[in-house]
Amino acid sequence: MKKIIISTIAVSALLFTVTSCKTDFDTDVKDMQPSKGNADFSKYVALGNSLTSGYRDGALYVDGQNESYPSMMAQQMKLVGGGDFKQPLMGDNNGGLLLAVAPGVTPQIQDTKLYIKGFVDGAPDISNINNNKATNLVNTVLKGPFNNMGVPGAKVAHLLAPKYGDVAGIIPKTANPYFVRFASSPTVSVIDDFVSQNPTFFSLWIGNNDALLYALAGADSSVETLTPPAQFKTYYDLLISKIDATKAKGVIANIPSVTSIPSLTTIPTNPLTAAVLGKGNVAVGEATIDDLNKNVYGPLSQILAGLGAGDRIKPLSKSAANPLLIKDESITNLGAQITVAAANSGNPTLVMLAPYLGATYGQARQAKSGDLIPLTTKAAIGSVETLPAGIPASLGARGVSYPFADKYVLIPSEIKEINDAIDAYNVVIKAAATAKGYAFVDANAKLKKLADDSGISWDGVKYTAKFVSGGAFSLDGVHLTGRGYGVIANEFISAINSTYNSSIPLVNPNNYSGVTLP
């Protein structure tokens, strides 16, 4: 069960900012007669991943699906000849999935949604709702076809993969449990089911997971992989060729930068105050800082200074917020030198710990501006690392006395690697839109605008990418609220109107749901 307390957000900030009656959309057609232009919206089918499905708050659930951006678009398309829009709805508003793996054994394989259960010292306490009360996968296989073909977790290659909806492939991870629920058969691919519907119009927003899952795993390739740009191009171009064969017109969107989402921009690099280290008791926290400086930070800072790397670790402050301790694989490993220095220090404790200190802190440094800490890392701060026999337990607090491993943090070189890949993906996506004459949505630019302090306004309400209080992002920090999806729906509609000479009215994002407070 996930439980996250974000200490940097006060209750007073959990309100949407009201600005002047400015609307940051230049192509509203509310004063024009709705028209389809030169497009046919009678059979609209949406392709994509979790963002297309309406996923939010860490789960897929009915209310979120009903506020997916394709559902909003379909409602507006009805004003210009659009048809019905069917979605593969979950069984409840808890979200989460159960899978029977043996008689009487039905474990939960996907988390239920996150919610704010209350407040701790003015900060939201976020947990999963009704764990183990989720949709049973086997008992809720649905009969399509479905217009919303957003598959949470899917990468570009997954939309092309046969048997991606085969329940037997869930445990070995060759299939997707959400697609299992609505695939027309266990053998088909997502694109097969799309093509079989003979759509007249489509939307495509795919590729986020090719970079995002790697970013959320701290760019740890043992946990997730970053799709190489050349491979991305091969798969994306093949996907577009299959879509193009249907002769449907459509709209495609590019991929936002990972630095634009609150899941990677909310947790500060320096959360270690005396109060945090003392779990609310400043006196205890100050004593903890004294102990850490005596046994970890002080000796290491002296050794590293002697090695010409004194900027890596400095003693902790009792009055200021201190940075997390992390492992940076991009810096020179000074492990051997640390071992020698500790062994020759004359300090009996350091002499005894010398091999361990070298092995553990050779690439350790304190986090700094330019690093990104995933939202999920918050719960791991201070959690206990298993240490070798004879090593004091006080050295095992992750991020405090034990350097956070790769999966807990993104360093600048990793951020550049990810954003360079996203830039390359976006070149492929824009080229496809240009070559085929599809409408194009610059979602990257829109999400960056949300990340700015100025945000995006609709009818006097300002939306930003600030976690919880910004109104646009849900509690998982990755997916949007109903209001955020309304902003995106308008970007898609505006691009469609511009490309196909249609006049589909925009939606009012303020009419949809934001973050729910207790």
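Residues numbered from 1 in each chain as written. Predicted model: local features only at pLDDT ≥ 70, side-chain atom pairs only at ≥ 80, totals over all residues. Heavy atoms only, no water.

Moving on, we get to unusual backbone geometry. A cis amide bond links G144 to the next residue, P145, at an omega of 5 degrees. One can find P145 in the loop between strand 8 (135-136) and strand 9 (148-150). The phi angle at N198 is positive, at roughly 50 degrees, despite the residue not being glycine. If you check the backbone angles, N501 has positive phi at about 55 degrees while not being a glycine. Turning to its location among the elements, N501 is positioned in the segment after helix 15 (482-500). Take N501: its relative accessible area is 55%, and that puts it in the exposed class. (Helix = DSSP H or I, 4+ residues; strand = E, 2+ residues; numbered from the N terminus. Buried < 20%, exposed > 50% of the residue type's maximum accessible area, 1.4 Å probe, protein only.)

What follows is about helix 13 (residues 412-436). Over its 25 residues, helix 13 extends 36 Å from the first C-alpha to the last, a length consistent with the 36 Å expected when each residue adds 1.5 Å. Within helix 13, the full set of buried residues consists of E414, I415, I418, N419, A421, I422, Y425, N426, V428, I429, A432 and A433. Buried residues along helix 13 sit in contact with helix 7 (208-216), helix 8 (229-244), strand 11 (249-253), strand 14 (439-441) and helix 14 (443-451). (Expected span 1.5 Å × (residues − 1). Contact = heavy atoms within 4.5 Å.)

Right, let's get into the packing of helix 10 (residues 282-306) against helix 11 (residues 335-343). Contact pair helix 10 / helix 11: the axes reach a minimum separation of 10 Å and the direction vectors enclose 115 degrees. Looking at the two axes, helix 10 sits roughly perpendicular to helix 11. As helix 10 packs across helix 11, the resulting crossing turns out to be right-handed. For the pair formed by helix 10 and helix 11, the contact residues are L300, I303 and L304 on the first element and I338, A341 and A342 on the second. The residue makeup of the contact of helix 10 with helix 11, split by class, is six nonpolar, no polar and no charged. (Axes fitted to C-alpha atoms, helices over the stretch in contact; angles between N-to-C directions. Parallel < 35°, antiparallel > 145°, perpendicular 65-115°, else oblique. Left-handed = near helix turned anticlockwise from the far one by under 90°. Nonpolar A, V, L, I, M, F, W, Y, C, P; charged D, E, K, R; others polar.)

This paragraph deals with the pattern of salt bridges. Under the counting rule described, the total for this entry stands at 11 salt bridges. Residues K318 and D290 are paired through a salt bridge, measuring 3.0 Å at the closest nitrogen-oxygen approach. Of this pair, K318 sits in the loop between helix 10 and strand 12 (325-327) while D290 sits in helix 10, and the two are 28 residues apart along the sequence. Of the charged contacts, one joins R365 and D328 as a salt bridge, the two residues approaching to 2.7 Å between their closest N and O atoms. Within this pair, whereas R365 is found in strand 13 (residues 364-366), its partner D328 is found in the loop between strand 12 and helix 11, the two being separated by 37 residues in sequence. Each member of the pair, R365 as well as D328, is classed as buried. (Salt bridge = Lys/Arg side-chain N within 4 Å of Asp/Glu carboxyl O.)

Contact geometry for helix 3 (residues 69-77) and helix 15: axes closest at 8 Å, N-to-C directions at 50 degrees. By the angle class used here, helix 3 and helix 15 are oblique. Every pair of crossing elements has a handedness; the one defined by helix 3 and helix 15 is right-handed. Each of Y69, M72, M73, Q76 and M77 in helix 3 lies in contact with helix 15, whose residues at this interface are G482, Y485, G486, I488, A489, F492, I493 and I496. Residues of the contact of helix 3 with helix 15, tallied by class, amount to 10 nonpolar, three polar and no charged.

Another point: the packing of aromatic side chains. Under the counting rule described, the total for this entry stands at 16 aromatic pairs. Plain terms: the ring middles of Y44 and F85 are 5.4 Å apart, the flat faces sit at 20 degrees to each other, and that makes the pair stacked. Highlighted residues: Y44 in strand 3 (residues 44-48) and F85 in the loop between helix 3 and strand 4 (97-98), separated in sequence by 41 residues. The exposure class of Y44 is buried, given its relative accessible area of 3%. By relative accessible area, which is 15% here, F85 ends up buried. Ring centres 4.7 Å apart and planes at 25 degrees place the aromatic pair Y69 and F492 in the stacked group. Here Y69, found in helix 3, pairs with F492, found in helix 15; they are 423 residues apart in sequence, far enough to count as distant. (Phe/Tyr/Trp six-rings, centres within 6.5 Å; stacked < 30°, edge-to-face > 60°.)

Right, let's get into the confidence of the model for the chain. On average, residues of the chain score 92 in pLDDT, and 94% of them are at 70 or above. A low-confidence stretch, residues 1-21 (pLDDT under 50), is modelled with 62 contacts involving residues beyond four sequence positions or located in other chains. (pLDDT = per-residue confidence, 0-100.)

A separate point is the environment of L264. One can find L264 in the loop between strand 11 and helix 9 (274-277). Separated by 214 residues in the primary sequence, L264 and V478 place their C-alpha atoms 8.6 Å from one another. Not counting residues within four places of it along the chain, the set of residues in contact with L264 comprises A215, L216, V258, L372, I373, P374 and L410.

Strand order in the open sheet formed by three strands is 5-4-8, with mixed pairing between adjacent strands. The outermost strands of the open sheet, each flanked by one partner alone, are strand 5 (108-110) and strand 8. Pairing analysis gives two bridges linking strand 4 to strand 5, with the strands arranged antiparallel. When the sheet's bridge partners are listed, L98 is paired in strand 5 with Q108. (Pairing = 2+ DSSP bridges.)

Glancing now at the sheet that holds strand 3. Pairing is parallel across the open sheet formed by five strands, whose spatial order is 9-3-10-11-14. The sheet is open, and its two borders are formed by strand 9 and strand 14, each paired with just one other strand. Taken over all neighbouring pairs, the strand axes of this sheet differ in orientation by 15 degrees on average, direction set aside. For strand 11 and strand 14, the ladder comprises three bridges, and the chain directions are parallel. In the strand pairing of strand 14, A253 is matched with V441. Lying on the sheet, helix 15 is in contact with strand 10 (201-205), strand 11 and strand 14; it crosses strand 14 at an angle near 150 degrees.

Among the nonpolar cores identified, the biggest contains 91 residues, and L204 and Y236 are the most heavily contacted of them. Setting aside anything within four residues of it in sequence, one finds L204 in contact with L47, L159, Y236, L239, I240, I243, V251, I252 and A253. With 49 residues, the next largest nonpolar core counts I391, L395, F467 and L475 among its residues. (Core = buried A, V, L, I, M, F, W, Y, C linked by side-chain atoms within 4.5 Å.)

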